[in-house]
Amino acid sequence: MLASIFWGAVYPYLCLAVLLVGCLYRYAYRPLSWTSRSSQILESRWLKWGSPLFHWGILAVLAGHVLGLLVPVGMWQAVGITPALYHQGADLIGGLAGFVAWVGLDLLLLRRGIHPRLRRTSSLSDWVALGWLWLVVTSGDAITLWYNHTAGPFPYRHTVGPWFRSLFLLKPDPGLLGQLPWPFQVHLLLAFGLFAVTPFSRLVHLWSAPVAYPRRAPIQYRRRGALRPDAATAAASDLHRQPGGTRG
Ligand code: HEM
């Protein structure tokens, strides 16, 4: 009883509090550390595949979480989506997105382990963040791709969903998690733990998604001293003719 209150009503708030306070503190007092610390300059061939696969996969997974956990079952039925149809979609689209994210994450982890320059510049927090993400994604995939197909689908939209919403309504109801199978328990504990890890790692960049990127003025990188003075003058006048100018 006490354990279920702790895991269902105390632990999630603890993790969310660490996320909120930790991120606000870091943003206010350590602004220069607020970065994803791109490692593209050290290695770009693996990154070119791993990063988009992971990021697009995980964005689709998280969109699925919003639809499956925050939108009540009644609202789906009101727009004509039956439980069977919902689960087919969740299996197919959620399963595919989860798998794509997992492949991307494996490439990112392997790349960091294999390339000596990356290994040397990786901090403990990089390994903890990537490793933790891997555990969360793998445990989620284990539910969708394995557990649901072997032990049978568990009605998480009638249990985990209302419990998740109860947290945000500040009326936590840990009783809803009473019969939760262990793969779900593991996934939930790891997922909330990831929130608590975020402020101490490069994961903070998730709050700074580059939405303004396509409209940004171009940045041109030049090797120092690579251009002869006459070529440099020609390049500079070329750049000034471009709309928006440049930033060095
Ligand atoms: C903290 C709240 C979270 C809850 C309550 C939650 C719950 C769930 C549930 C119930 C499923 C099974 C869905 C299905 O089989 O249809 C699932 C799957 C999954 N979860 Fe989570 N999750 C949470 C956070 C996260 C986070 C933060 C990540 C990754 C960063 C994640 C990654 C995944 C993946 C990859 C799957 C498998 C693919 C899918 O079905 O979408 N989850 N999660």
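Residues numbered from 1 in each chain as written. Predicted model: local features only at pLDDT ≥ 70, side-chain atom pairs only at ≥ 80, totals over all residues.

## Quick word on the overall build of the chain
Counting its regular elements, the chain contains nine helices and zero strands. Counting from the amino terminus, the chain carries its helices and strands in the arrangement α-α-α-α-α-α-α-α-α. Over its C-alpha trace the chain gives a radius of gyration of 22 Å, far above what one expects of a compact globule, namely 18 Å for 248 residues. A principal-axis box enclosing the C-alpha atoms of the chain has dimensions of 75 × 40 × 35 Å. When each of the 248 residues of the chain is scored for burial, the buried share is 15%. Taking contacts inside the chain between residues at least 6 apart in sequence as the whole, the part at least 24 apart equals 84%. (Helix = DSSP H or I, 4+ residues; strand = E, 2+ residues; numbered from the N terminus. Rg over C-alpha atoms; globule rule 2.2 N^0.38 Å. Buried ≥ 20, exposed ≤ 12 C-beta atoms within 10 Å, placed from the backbone. Contact = placed C-beta atoms within 7 Å.)

## Section: the site of the ligand
In the vicinity of the ligand, 26 residues are found, and the nearest of them are Gly-94, Gly-98, Gly-140, Thr-144 and Ala-191. Contributing elements (two or more residues each) for the shell around the ligand: helix H2 (45-70), helix H4 (83-114), helix H6 (124-150), helix H7 (160-168) and helix H8 (182-197). Ranked by residue count, the leading element in the shell around the ligand is H6, at seven residues. (Near = placed C-beta within 6 Å.)

## Looking at unusual backbone geometry
The backbone phi angle of Arg-37 is positive, close to 45°, even though this residue is not glycine. When you line up the elements, Arg-37 lands in the loop between helix H1 (2-29) and H2. C-beta crowding within 10 Å serves as the criterion here: with 13 such atoms nearby, Arg-37 is assigned to the partly exposed category. Here the phi dihedral of Leu-170 falls at roughly 60°; this positive angle occurs in a residue that is not glycine.

## Side note on the confidence of the model for the chain
Residue-level pLDDT values for the chain average 91, and 90% of them are 70 or greater. Counted against residues more than four places away or in other chains, residues 244-248, with its pLDDT under 50, gives 11 contacts. (pLDDT = per-residue confidence, 0-100.)

## Quick word on the nonpolar core
Core analysis: the biggest nonpolar cluster contains 12 residues, these being Leu-53, Phe-54, Ile-58, Val-61, Ala-97, Ala-101, Trp-102, Leu-105, Leu-108, Leu-133, Val-136 and Val-137. For this core, the secondary structure elements donating two or more residues are H2, H4 and H6. For this core, the element with the highest residue contribution is H4, accounting for five residues. Dropping the residues within four chain positions of it, Val-61 is found in contact with Gly-94, Ala-97, Gly-98 and Ala-101. (Core = buried A, V, L, I, M, F, W, Y, C linked by C-beta atoms within 7 Å.)

## Thoughts on the packing of H6 against H8
Where H6 meets H8, the closest approach of the two axes is 9 Å, and the angle between their N-to-C directions is 155°. Taken together, the axes of H6 and H8 are roughly antiparallel relative to one another. Judged by the twist between their axes, the crossing of H6 over H8 is left-handed. Of the residues in H8, those touching H6 at Val-128, Ala-129, Trp-132, Leu-133, Leu-135, Val-136, Ser-139, Gly-140, Ala-142, Ile-143 and Tyr-147 are Pro-183, Phe-184, Val-186, His-187, Leu-190, Ala-191, Gly-193, Leu-194 and Val-197. Broken down by class, the residue content of the contact of H6 with H8 amounts to 16 nonpolar, four polar and no charged. (Axes fitted to C-alpha atoms, helices over the stretch in contact; angles between N-to-C directions. Parallel < 35°, antiparallel > 145°, perpendicular 65-115°, else oblique. Left-handed = near helix turned anticlockwise from the far one by under 90°. Nonpolar A, V, L, I, M, F, W, Y, C, P; charged D, E, K, R; others polar.)

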